[in-house]
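The chain contents come next:
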Amino acid sequence: MKDTLMIEAVRKTVTVDCSVEEAFRVFTADAVSWWPVESHSIHETVSEIVFEPEVGGEVYELSTAGDRGYWATVLEWDPPNRLVLAWNILRADVAPTEVEVRFLSDGKRTRVELEHRGWEALGDDGAAKRDDYDTGWDFVLGRFVADAE
Amino acid sequence: MDALGDRTRRQVFELLRAGPRSVGDLAAGLPVSRPAVSQHLRVLEHAGLVTHRRNGTKHLYEIDTSGVGALRDWVEGFWSEALARFKAAAETKGEPR
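None of the values given here were measured: they were computed from a predicted structure. (Residues numbered from 1 in each chain as written. Chains lettered and ligands numbered in written order. Predicted model: local features only at pLDDT ≥ 70, side-chain atom pairs only at ≥ 80, totals over all residues.)

Check the secondary structure of chain B and you find 4 helices and 3 strands. Residues classed as buried in chain B amount to 42% of the 97 residues present. Taking the intrachain contacts of chain B between residues at least 6 apart in sequence as the baseline, contacts between residues at least 24 apart amount to 42%. (Helix = DSSP H or I, 4+ residues; strand = E, 2+ residues; numbered from the N terminus. Buried ≥ 20, exposed ≤ 12 C-beta atoms within 10 Å, placed from the backbone. Contact = placed C-beta atoms within 7 Å.)

Grouped together as the largest cluster of nonpolar side chains are 53 residues, with contacts concentrated most on Ala23 of chain A together with Val12, Leu44, Leu49 and Phe86 of chain B. The greatest single-element share of this core, amounting to 12 residues, is contributed by helix α4 (residues 68–93) of chain B. Both domain 1 (1–64) and domain 2 (67–97) of chain B contribute no fewer than three residues apiece to this core. With sequence-adjacent residues up to four places away left out, alanine 23 of chain A is seen in contact with Val16, Cys18, Phe103, Thr110 and Val112 of chain A together with Ala90 of chain B. (Core = buried A, V, L, I, M, F, W, Y, C linked by C-beta atoms within 7 Å. Domains from an automatic or database assignment.)

For helix α1 (residues 20–29) of chain A, the tally of buried residues reaches 7 of 10 residues, placing the bulk of the element in the interior. Listing the buried residues of α1 of chain A in full gives Val20, Glu22, Ala23, Phe24, Val26, Phe27 and Thr28 of chain A. Those residues of α1 of chain A hidden inside the fold are in contact with β1 (10–16), β2 (46–51), β6 (97–106) and β7 (109–117) of chain A together with α4 of chain B.

So, about the environment of valine 37 of chain B. Residue and element names in this part refer to chain B. Following the sequence through the fold, valine 37 ends up in helix α3 (residues 34–46). Exposure remark for valine 37: the 26 C-beta atoms within 10 Å place this residue in the buried category. The contact partners of valine 37, leaving out residues within four places of it in the chain, are Val12, Val23, Leu26, Ala27, Leu30 and Val32.

The pLDDT averaged across chain B works out to 84; a share of 93% of its residues lies at or above 70. Predicted complex, confidence summary: ipTM 0.75, pTM 0.68. (pLDDT = per-residue confidence, 0-100.)

What follows covers the packing of helix α1 (residues 7–17) of chain B against α3 of chain B. Residues and elements named next belong to chain B. Remark: α1 packs on α3, axes separated minimally by 10 Å, with the N-to-C direction vectors making an angle of 80°. When the axis of α1 is compared with that of α3, the two are roughly perpendicular. Contacts between α1 and α3 involve Thr8, Arg9, Val12 and Phe13 on the former and, on the latter, Val37, His40, Leu41, Val43 and Leu44. Here the contact of α1 with α3 is composed, by residue class, of 6 nonpolar, 2 polar and 1 charged. (Axes fitted to C-alpha atoms, helices over the stretch in contact; angles between N-to-C directions. Parallel < 35°, antiparallel > 145°, perpendicular 65-115°, else oblique. Nonpolar A, V, L, I, M, F, W, Y, C, P; charged D, E, K, R; others polar.)

Glancing now at the environment of isoleucine 49 of chain A. Residues and elements named next belong to chain A. Turning to its location among the elements, isoleucine 49 is positioned in strand β2. When the 21 C-beta atoms within 10 Å are taken as the criterion, isoleucine 49 is described as buried. Distance in space between the C-alpha atoms of isoleucine 49 and serine 63 is 9.0 Å, their sequence separation being 14 residues. Leaving out residues up to four positions away in the same chain, isoleucine 49 has contacts with Ala31, Val32, Trp35 and Glu61.

Once that is clear, we can look at the pairing of β2 of chain A. Residues and elements named next belong to chain A. Pairing geometry for β2 and strand β3 (residues 58–63), over 5 bridges, is antiparallel. The partner of glutamate 48 across the bridge, within β3, is leucine 62. The hairpin formed by β2 and β3 contains 6 residues between the paired strands, and glycine 56 there has a positive phi angle of roughly 90°. (Pairing = 2+ DSSP bridges.)

In any sheet, the strands associate via hydrogen bonds between backbone groups, in a parallel or an antiparallel arrangement. If you walk across this open sheet you meet the 7 strands as β1-β7-β6-β5-β4-β3-β2 (chain A), and the pairing is antiparallel. The open sheet is flanked by β1 and β2 of chain A, the only strands paired with a single partner. Geometrically, the sheet is characterised by an average inter-axis angle of 20° between neighbouring strands, direction not taken into account. With 9 bridges joining them, β6 of chain A and β7 of chain A adopt antiparallel strand pairing. Bridging across to β7 of chain A, valine 101 of chain A finds its partner in leucine 114 of chain A. Against the sheet, α1 of chain A contacts β1, β2, β6 and β7 of chain A, and its axis sits at roughly 155° relative to β6 of chain A. Running over the sheet, α4 of chain B touches β1 and β7 of chain A and is turned about 10° from β1 of chain A.

Structure representation (structure tokens):
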């Protein structure tokens, strides 16, 4: 029987006090200004984060030594309103997850909605995953969840 | 216990995202000793985030892909932190209204 494991998408919303255009620009062209590179990067020190602005483009980090670290591939690119990335969150040889980011006008502000989905595509065996998950898989990471909201 | 609450452990985890590594390989890329890396790997393995296998005389460590639920929770926390920082950056760098 096909396993029906579904893991809920991660959904986050943040409202920022700037225009849609500026929010999109900072998110993509100036990601190095906000991405927590000190803890979430491939290289020890990162000098730049690049979003190649087209479908099929890559998102990657550049180390201070100039080495490139691949992060994701652009699936949809609709500035300044929306982008979708294919993100190999685990490894290059494991199915990518999808990250969609929408930038919505909210009066003078911008509501940024992020959805990170496709968890059920990961791993080799859905049933085994389900067992692991249900028997205490997630007990360690509570501190990391939702502390900014 | 908080497996990814330590900066060096997060770095170990990030390095393993690029593929399986030995303790020596990991230690070479980090400003900590091999025994310290081993200790971090034990914590990550105990949390189910990392697994290891023997390859000849080497132990290779890799991300445990069965750990999707924990990984999803980790990513959720990551985006919370990242978007809070994005908000601060956008409002600082955003054009004056």
